[in-house]
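# Structural overview for review
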Amino acid sequence: MSVDQSTVKRVAKLARIAITDNRAEELRDELNTILGFVEQLDEVDVDGVEPMTSVVDFDMKKRADTVNDGEIADDVTANAPAKDEHFFMVPKVVE
Amino acid sequence: MTDLTDLTLAQARKRLADKDVSASELTDAYLAAISERNGALNAYISVTEDIAREGAVASDKRIAEGTAGPLEGIPLGVKDLYATKGTHTQACSHILDGFKPPYESTVTQNLWDAGAVMLGKLNMDEFAMGSSNETSHYGPVVNPWQRDLMNVAVRSEGGDVGTIESPPKDDTPLVPGGSSGGSAAAVAARLCVAATASDTGGSIRQPAAFTGTVGVKPTYGRCSRWGMVAFASSLDQAGPIARTVEDAALMLNVMASPDAKDTTCVDRPVPDYTATIGDSIKGMTIGIPREYRIDGMAEEIDGLWSQGIAWLKDAGANIVDISLPHTKYALPAYYIVAPAEASSNLARYDGVRYGLRVDGSDITDMYEKTRAAGFGDEVQRRILIGTYVLSAGFYDAYYTKAQKVRTLIKHDFEMAYADGVDCILTPATPSAAFPIGDKEMAADPVKMYLNDVFTVTVNMAGLPGIAVPAGLSVEGLPLGLQLIGKPFEESDLFRVGSVIEANAGHFAP
């Protein structure tokens, strides 16, 4: 399978990365090189094979469903590029 | 008196315990070395002088009081993807501009609890995506090794690591490998005793091989990933880069731990990894996988591998040929799984909660402009591949298929181990270090990806691996061998790795 320039632009939109037409053209070629490389997987017979979900065979540990953290709003917002007290500030979302 | 920065971790520990040298003297020696040489190497992107000096003073106090930890007073470098409280933590990406975490990663906390001293944060490929340390926002790291036209092999016995001057050097700057290029270069250049690193497809073992250092990628789940900037969560694993096999074991002793904050981190006691070093390997079975003899493999890599086999055989190991039939599919499967997980993990960088923000006309425009400006080319490439393979209609054809292939890759290893193989010996890399700005690799991303052809299988199967320096190339550059072990049997790697080390000696630029 290979991608065309409009597919690259659609995927970039999904990934929320702005790209120019020139860059979309470059990326089309780069992505097709990579997709061409991974195409060799078509040779592998995977009938009846379970997809891997964990490399280590053990039951994932679970913690008690209790509050064990919190009251650190200062820390949580400390690195925000724009904030107002304990709120993250973003451009207007709802008109 | 030898230069303090020439001491291995084991030697420095002894000198500190004997009160022959103070932690402050040791730290000052490293800070001086960094200020002298880091400008040329670009291994550190942030030097935490004050934290280092304060840490050393505290270590000296604990040594005096008799309460020293296992790494008391040992100056370490930390890869920039470990969250270190209040200090530079950006995974060498522009998108994390100015980020200073209000918390500490579990692995680094373990190190500080053991008394280690932080010298600073080390350069790396952006978000650990790269094999040459050229994708860093802070520019490439220069390998302290240069091609040696006279091909003077420097070898010293025992722990006395030294070097001799050899006449003409080719001063073309070479890459240190990646993504832990800063860690490997700093350890090789004596700008830290040892360093933390991380490995998703070979990011510890490949740079270790390129710099003549020892790199360990533990079993998935052995070290906590809490507080490490995530790249591909099912593959990422923390590990050390150090100058000797023993030093690497001393580091892993402390880095590894159970951790309630990481549900994939196993609740298993951590053994003393130094315990098996020097033990006889008589009767151990070492597998040699035929599929690793790839087309067009350089003669010197093949020769190095044969040399390694001979060393282990002479030491009493049984050498058996084995087959890992799905080896060639590991790299293509990796380039589906890793970008898919990365596209999901990196969705969090949106200019809202931390790091860079580029203003836009509305919130979507802000996201798109921020991510376009903040991510470098390689990271964007991988996010787009990941987004594509996970998008509607393609998920099964790519992602599910790759995860099935991964099951087969792991099964290959399980069969070998079930047949009685203890460890598997392979080359660590298909070549020695290459020049910065290599045109062929820059033009074709897949060429760069092939650097990880021998290491990536280990991540896909979640196994432990170690790269041990084993010789020099015809150009006088270090080359490494890789040992792959059974899950959670890192001790076997240190045991067999120490045999390679004893035969090959130590290598310093």
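Values in this document were obtained by computation on a predicted structure and should not be read as measured data. (Residues numbered from 1 in each chain as written. Chains lettered and ligands numbered in written order. Predicted model: local features only at pLDDT ≥ 70, side-chain atom pairs only at ≥ 80, totals over all residues. Heavy atoms only, no water.)

## Digging into the overall build of chain A
Helix and strand counts for chain A come out as three helices and two strands. Starting at the N terminus and walking to the C terminus, you meet the elements of chain A as α-α-α-β-β. Its C-alpha atoms give chain A a radius of gyration of 22 Å, clearly above 12 Å, the size a compact globule of 95 residues would have. Taken over the C-alpha atoms alone, chain A extends approximately 55 × 45 × 25 Å along its principal axes. When each of the 95 residues of chain A is scored for burial, the buried share is 31%. (Helix = DSSP H or I, 4+ residues; strand = E, 2+ residues; numbered from the N terminus. Rg over C-alpha atoms; globule rule 2.2 N^0.38 Å. Buried < 20%, exposed > 50% of the residue type's maximum accessible area, 1.4 Å probe, protein only.)

## Some points on the pattern of salt bridges
Tallied over the full model, the rule gives 29 salt bridges over all chains. Residue A:Asp21 pairs with A:Lys9 through a salt bridge whose shortest N-O separation is 2.5 Å. Of the two residues, A:Asp21 is situated in helix H2 (residues 21-38) and A:Lys9 in helix H1 (residues 5-14); the sequence distance between them amounts to twelve residues. The class of A:Lys9 is partly exposed, set by a relative accessible area of 35%. A salt bridge links B:Lys410 to B:Glu414, with the nearest nitrogen and oxygen atoms 3.2 Å apart. Taken together, the positions of B:Lys410 and B:Glu414, both in helix H12 (residues 395-418) and four residues apart, correspond to about one turn of that helix. The exposure class assigned to B:Lys410 is buried, which follows from its relative accessible area of 11%. (Salt bridge = Lys/Arg side-chain N within 4 Å of Asp/Glu carboxyl O.)

## Here we look at the interface of chain A and chain B
Each partner contributes residues to the interface: chain A has 49 residues there, and chain B has 69 residues. Three residues stand out in chain A for area buried against chain B, namely A:Leu41, A:Met52 and A:Lys61, and they jointly supply 14% of the buried area on that side. Here chain A and chain B share five salt bridges between them. Residue assignment for the side of chain A that touches chain B shows that the elements contributing at least two residues are H1 and H2 of chain A. (Contact = heavy atoms within 4.5 Å. Buried area = accessible area lost by both parts, 1.4 Å probe.)

## Structural notes on the sheet that holds strand S2 (residues 75-79) of chain B
All names here are of chain B. The strand order across the open sheet built from eleven strands is S1-S3-S2-S6-S8-S7-S12-S13-S11-S9-S10, with neighbouring strands paired in mixed fashion. The outermost strands of the open sheet, each flanked by one partner alone, are strand S1 (44-47) and strand S10 (318-322). Neighbour-to-neighbour, the strand axes of this sheet turn through a mean angle of 30 degrees, independent of strand direction. Sheet topology note: the strand S11 (residues 423-427)/strand S13 (residues 478-485) ladder contains five bridges and is antiparallel. Within S13, the position partnered with proline 427 by the bridge is leucine 481. Across the sheet, helix H5 (residues 181-188) lies against S1, S2, strand S3 (117-122), strand S6 (194-199) and strand S8 (237-242), angled at about 155 degrees from S6, the strand it touches most. In the packing of helix H7 (residues 245-255) onto the sheet, the strands contacted are S2, S6, strand S7 (214-217), S8 and strand S12 (465-472), and the crossing angle to S8 comes to about 145 degrees. (Pairing = 2+ DSSP bridges. Axes fitted to C-alpha atoms, helices over the stretch in contact; angles between N-to-C directions.)

## Details of the nonpolar core
Residues B:Phe127, B:Phe413 and B:Leu425 are the most contacted members of the largest nonpolar core, which totals 181 residues. At ten residues, the largest contribution of residues to this core is made by helix H9 (residues 330-345) of chain B. Leaving out residues up to four positions away in the same chain, B:Phe127 has contacts with B:Ala91, B:Ser93, B:Ile95, B:Leu96, B:Val229, B:Phe231, B:Leu346, B:Tyr349, B:Phe375 and B:Val379. Counting six residues, the second largest nonpolar core, distinct from the first, contains A:Met52, A:Val56, B:Tyr220 and B:Phe488. (Core = buried A, V, L, I, M, F, W, Y, C linked by side-chain atoms within 4.5 Å.)

## Focus: the packing of aromatic side chains
Residue and element names in this part refer to chain B. Going through the model one piece at a time under the given rule, you end up with 16 aromatic pairs over all chains. With centroids separated by 6.3 Å and ring planes inclined at 85 degrees, the aromatic side chains of tyrosine 349 and phenylalanine 375 adopt a geometry described as edge-to-face. Here tyrosine 349 is found in the loop between H9 and helix H10 (363-374), whereas its partner phenylalanine 375 is found in the loop between H10 and helix H11 (377-390), with 26 residues between them in sequence. In this pair, the class of tyrosine 349 matches that of phenylalanine 375, namely buried. Pairing tyrosine 395 with tyrosine 399 gives two aromatic rings, centres 5.3 Å apart and planes at 45 degrees, and the pair type is tilted. (Phe/Tyr/Trp six-rings, centres within 6.5 Å; stacked < 30°, edge-to-face > 60°.)

## As for the side chain of A:Thr7
With respect to the helices and strands, the residue A:Thr7 is situated in helix H1. Looking at A:Thr7, its side chain comes within polar contact range of the side chain of A:Asp4, at 2.6 Å. (Polar contact = N/O pair within 3.5 Å; in protein donor to acceptor, adjacent residues only side chain to side chain.)

## Some thoughts on unusual backbone geometry
Residues and elements named next belong to chain B. Looking along the chain, the bond that leaves glycine 178 and enters serine 179 is cis, with omega of 10 degrees. Position of serine 179 among the secondary structure elements: in the loop between strand S5 (169-170) and H5. One non-glycine residue, cysteine 92, lies in positive phi territory at about 50 degrees.

## A word on the packing of H1(A) against H2(A)
Two quantities define a packed helix pair, namely the angle between the axes and the distance from one axis to the other. Residue and element names in this part refer to chain A. H2 packs onto H1 with a crossing angle of 100 degrees between their chain directions and a minimal axis gap of 9 Å. If you check the angle between H1 and H2, you find them roughly perpendicular. Contacts between H1 and H2 involve Gln5, Val8 and Lys9 from the first element and Asp21, Ala24, Glu25, Leu27, Arg28 and Leu31 from the second. Residue classes in the contact of H1 with H2 are distributed as four nonpolar, one polar and four charged. (Parallel < 35°, antiparallel > 145°, perpendicular 65-115°, else oblique. Nonpolar A, V, L, I, M, F, W, Y, C, P; charged D, E, K, R; others polar.)

## Side note on H9(B)
Here H9(B) contains 16 residues, and its C-alpha end-to-end distance of 22 Å stays within 8% of the 22 Å for a straight helix at 1.5 Å per residue. Across the 16 residues of H9(B), 15 count as buried, placing the element largely inside the fold. (Expected span 1.5 Å × (residues − 1).)

## Side note on the environment of A:Val3
Relative to the helices and strands, A:Val3 resides in the segment before H1. Sequence separation between A:Val3 and A:Phe88 is 85 residues; the distance between their C-alpha atoms is 37 Å. Once you skip the residues sitting within four places of it in the chain, A:Val3 turns out to touch A:Val8, A:Arg28, A:Leu31, A:Asn32, A:Leu35 and B:Tyr388.

## Some remarks on the environment of B:Glu414
On the basis of relative accessibility, which here comes to 38%, the residue B:Glu414 falls in the partly exposed class. Sequence separation between B:Glu414 and B:Pro487 is 73 residues; the distance between their C-alpha atoms is 9.8 Å.

## Regarding the environment of B:Gly393
Structurally, B:Gly393 can be placed in the loop between H11 and H12. For the pair formed by B:Gly393 and B:Asp97, sequence separation is 296 residues and the distance between their alpha carbons is 36 Å.

## Remarks on helix H16 (residues 490-504) of chain B
Residues and elements named next belong to chain B. Taking 1.5 Å of rise per residue, the 15 residues of H16 would be expected to cover 21 Å, and the 21 Å separating its terminal C-alpha atoms lies within 8% of that figure. With twelve of 15 residues buried, H16 is to be regarded as a mostly interior element. Within H16, burial applies to Glu490, Ser491, Asp492, Leu493, Phe494, Val496, Gly497, Ser498, Val499, Ile500, Glu501 and Ala504. Phi turns positive one or two residues past the end of H16, at glycine 505, with a value near 85 degrees.

## Focus on the pairing of strand S9 (residues 285-289) of chain B
Residues and elements named next belong to chain B. S9 sits mainly inside the fold: five of its five residues count as buried. Taking every second residue as pointing to the same face, both faces of S9 are buried, with Thr285, Gly287 and Pro289 on one and Ile286 and Ile288 on the other. Pairing between S9 and S10: five bridges, direction parallel. Following the sheet pairing, isoleucine 288 is matched in S10 by aspartate 321. Between the parallel elements S9 and S10, the chain passes through helix H8 (residues 299-314) in a crossover that is right-handed. In terms of strand pairing, S9 meets S11 through two bridges, oriented parallel. Bridged to isoleucine 286 within S11 is cysteine 423. (Right-handed = clockwise from strand over helix to strand, strands pointing away.)

Keep in mind these values describe shape, not function.
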